[in-house]
Amino acid sequence: MDTPYRTRIDGVITQGNEKKLGVSVAIIPWEFKNKPSLDPFTKIEENRKLGGEDQRILGQLYGYVSGIDDCQYRTHVFQLLTCGRSARILKWDHSSCLFSAAFDYITNSGSAYLAEFLYRFSRSSKAERGYDTRFTILDEQ
(Lines give C-alpha, C1' and ligand atoms only; values in the text may rest on other atoms or scores of the structure.)
Protein backbone atom coordinates (compact mmCIF):
# COMPACT_ATOMS: atom_id res chain seq x y z
CA MET A 1 0.00 0.00 0.00
CA ASP A 2 1.18 3.49 -0.70
CA THR A 3 0.99 5.08 2.74
CA PRO A 4 3.93 6.96 4.26
CA TYR A 5 6.53 5.05 6.28
CA ARG A 6 5.44 1.72 4.79
CA THR A 7 2.37 1.49 7.03
CA ARG A 8 -0.63 -0.44 5.78
CA ILE A 9 -4.27 0.50 6.03
CA ASP A 10 -6.28 -2.52 7.20
CA GLY A 11 -9.17 -1.76 4.85
CA VAL A 12 -10.29 0.91 2.44
CA ILE A 13 -13.53 1.83 0.73
CA THR A 14 -12.84 2.90 -2.85
CA GLN A 15 -14.93 4.03 -5.80
CA GLY A 16 -14.59 0.93 -7.92
CA ASN A 17 -12.49 -2.06 -8.83
CA GLU A 18 -9.14 -0.56 -7.95
CA LYS A 19 -6.16 -2.82 -8.55
CA LYS A 20 -3.91 -0.70 -6.34
CA LEU A 21 -5.13 -0.06 -2.81
CA GLY A 22 -3.87 2.66 -0.53
CA VAL A 23 -4.17 6.32 0.22
CA SER A 24 -4.20 7.44 -3.41
CA VAL A 25 -7.56 5.70 -4.05
CA ALA A 26 -9.03 5.51 -0.54
CA ILE A 27 -12.33 7.22 0.04
CA ILE A 28 -12.76 5.91 3.59
CA PRO A 29 -9.84 4.24 5.40
CA TRP A 30 -10.87 1.54 7.87
CA GLU A 31 -8.70 0.46 10.79
CA PHE A 32 -9.34 -2.80 12.67
CA LYS A 33 -8.14 -3.51 16.21
CA ASN A 34 -8.92 -6.83 17.89
CA LYS A 35 -9.66 -5.51 21.42
CA PRO A 36 -12.05 -2.79 22.64
CA SER A 37 -9.32 -1.64 25.03
CA LEU A 38 -7.32 -0.39 22.02
CA ASP A 39 -9.86 2.40 21.36
CA PRO A 40 -8.06 5.64 22.39
CA PHE A 41 -11.26 7.68 22.08
CA THR A 42 -12.71 5.95 25.16
CA LYS A 43 -10.03 7.61 27.30
CA ILE A 44 -10.63 10.93 25.54
CA GLU A 45 -14.37 10.69 26.33
CA GLU A 46 -13.59 9.91 29.96
CA ASN A 47 -11.00 12.73 30.15
CA ARG A 48 -8.25 10.25 31.12
CA LYS A 49 -4.59 10.53 30.23
CA LEU A 50 -3.55 8.80 27.03
CA GLY A 51 -0.83 6.18 27.29
CA GLY A 52 1.89 5.43 24.77
CA GLU A 53 -0.16 2.79 22.93
CA ASP A 54 -3.12 5.20 22.68
CA GLN A 55 -0.91 7.90 21.20
CA ARG A 56 0.59 5.39 18.76
CA ILE A 57 -2.87 4.36 17.56
CA LEU A 58 -3.99 7.99 17.18
CA GLY A 59 -0.79 8.67 15.22
CA GLN A 60 -1.49 5.65 13.04
CA LEU A 61 -5.04 6.83 12.32
CA TYR A 62 -3.86 10.34 11.57
CA GLY A 63 -1.05 9.00 9.38
CA TYR A 64 -3.58 7.37 7.07
CA VAL A 65 -5.65 10.53 6.88
CA SER A 66 -2.55 12.65 6.31
CA GLY A 67 -1.49 10.31 3.50
CA ILE A 68 -4.89 10.69 1.84
CA ASP A 69 -4.67 14.45 2.24
CA ASP A 70 -1.23 14.42 0.58
CA CYS A 71 -2.52 12.51 -2.47
CA GLN A 72 -5.98 14.01 -2.86
CA TYR A 73 -7.40 17.51 -2.53
CA ARG A 74 -9.56 17.09 0.59
CA THR A 75 -11.30 19.39 3.06
CA HIS A 76 -12.08 16.47 5.39
CA VAL A 77 -11.80 12.68 5.51
CA PHE A 78 -14.17 10.18 7.08
CA GLN A 79 -12.59 7.14 8.71
CA LEU A 80 -13.92 3.99 10.37
CA LEU A 81 -12.33 2.50 13.48
CA THR A 82 -13.31 -0.98 14.68
CA CYS A 83 -12.08 -2.23 18.06
CA GLY A 84 -13.42 -5.69 18.86
CA ARG A 85 -17.21 -5.50 18.53
CA SER A 86 -17.35 -1.72 18.77
CA ALA A 87 -16.89 0.79 16.00
CA ARG A 88 -16.65 4.55 15.59
CA ILE A 89 -17.08 6.94 12.71
CA LEU A 90 -14.38 9.62 12.62
CA LYS A 91 -14.33 12.86 10.64
CA TRP A 92 -10.93 14.52 10.32
CA ASP A 93 -10.46 18.02 8.95
CA HIS A 94 -7.37 20.21 8.90
CA SER A 95 -7.70 21.21 12.56
CA SER A 96 -9.56 18.50 14.48
CA CYS A 97 -11.17 15.07 14.64
CA LEU A 98 -14.84 14.59 15.43
CA PHE A 99 -15.82 11.08 16.51
CA SER A 100 -19.06 9.24 17.16
CA ALA A 101 -19.90 7.39 20.31
CA ALA A 102 -18.75 3.78 20.17
CA PHE A 103 -21.45 1.40 18.96
CA ASP A 104 -21.68 -2.38 18.74
CA TYR A 105 -21.78 -2.98 14.99
CA ILE A 106 -22.71 -6.66 15.48
CA THR A 107 -26.16 -5.91 16.93
CA ASN A 108 -29.10 -4.97 14.72
CA SER A 109 -29.13 -1.35 15.85
CA GLY A 110 -25.35 -0.98 15.52
CA SER A 111 -25.18 -2.59 12.11
CA ALA A 112 -28.11 -0.42 10.99
CA TYR A 113 -26.23 2.68 12.20
CA LEU A 114 -23.14 1.71 10.19
CA ALA A 115 -25.21 0.74 7.15
CA GLU A 116 -27.08 4.06 7.27
CA PHE A 117 -23.81 6.00 7.43
CA LEU A 118 -22.44 4.10 4.41
CA TYR A 119 -25.73 4.49 2.52
CA ARG A 120 -25.87 8.25 3.13
CA PHE A 121 -22.19 8.59 2.29
CA SER A 122 -22.73 6.78 -1.02
CA ARG A 123 -25.52 9.22 -1.91
CA SER A 124 -23.61 12.36 -0.88
CA SER A 125 -21.94 14.88 -3.19
CA LYS A 126 -18.18 15.06 -3.72
CA ALA A 127 -18.01 18.12 -1.46
CA GLU A 128 -19.96 16.33 1.30
CA ARG A 129 -17.55 13.39 0.98
CA GLY A 130 -14.66 15.75 1.66
CA TYR A 131 -13.29 16.50 -1.79
CA ASP A 132 -12.18 20.09 -2.26
CA THR A 133 -14.21 21.08 -5.32
CA ARG A 134 -12.21 24.30 -5.82
CA PHE A 135 -9.50 22.26 -7.57
CA THR A 136 -9.66 20.73 -11.01
CA ILE A 137 -7.16 18.13 -12.11
CA LEU A 138 -6.05 18.76 -15.69
CA ASP A 139 -5.63 15.88 -18.10
CA GLU A 140 -2.06 15.01 -18.94
CA GLN A 141 -1.27 15.64 -22.61
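Summary of the structure given here. What you are looking at is a predicted structure, and each value in this text was computed from that prediction instead of being measured. (Residues numbered from 1 in each chain as written. Predicted model: local features only at pLDDT ≥ 70, side-chain atom pairs only at ≥ 80, totals over all residues. Heavy atoms only, no water.)

1. Some thoughts on helix H3 (residues 108–123)
Step number 1: Between the first and last C-alpha of H3 there are 22 Å, a value that for 16 residues agrees with the 22 Å anticipated at 1.5 Å per step.
Step number 2: Turning to H3, its buried residues number three or more, namely Gly110, Leu114, Phe117 and Phe121. The arc that holds every buried residue of H3, seen down its axis, measures 55 degrees, which confines them to one face. Seen from the open side of H3, the exposed residues pointing more than 90 degrees away from its buried face are Asn108, Ser109, Arg120 and Arg123.
Step number 3: In this fold, the buried residues of H3 make contact with strand S2 (28–33), strand S3 (76–83), strand S4 (86–93), strand S6 (103–104) and helix H4 (126–129). (Helix = DSSP H or I, 4+ residues; strand = E, 2+ residues; numbered from the N terminus. Expected span 1.5 Å × (residues − 1). Buried < 20%, exposed > 50% of the residue type's maximum accessible area, 1.4 Å probe, protein only. Arc of directions from axis to C-beta. Contact = heavy atoms within 4.5 Å.)

2. So, the nonpolar core
Step number 1: Counting 18 residues, the largest nonpolar core has Phe41, Leu61, Leu81, Leu90 and Trp92 as the members making the most contacts within it.
Step number 2: Looking at this core, the elements with two or more residues in it are helix H2 (52–71), S3 and S4.
Step number 3: Counting residues per element, this core draws most heavily on H2, at six residues.
Step number 4: Apart from the residues lying within four places of it in its own chain, the contact partners of Leu61 are Glu31, Phe41, Gln79, Leu81, Leu90 and Trp92.
Step number 5: With 12 residues, the next largest nonpolar core counts Ile28, Leu114, Phe117 and Tyr131 among its residues. (Core = buried A, V, L, I, M, F, W, Y, C linked by side-chain atoms within 4.5 Å.)

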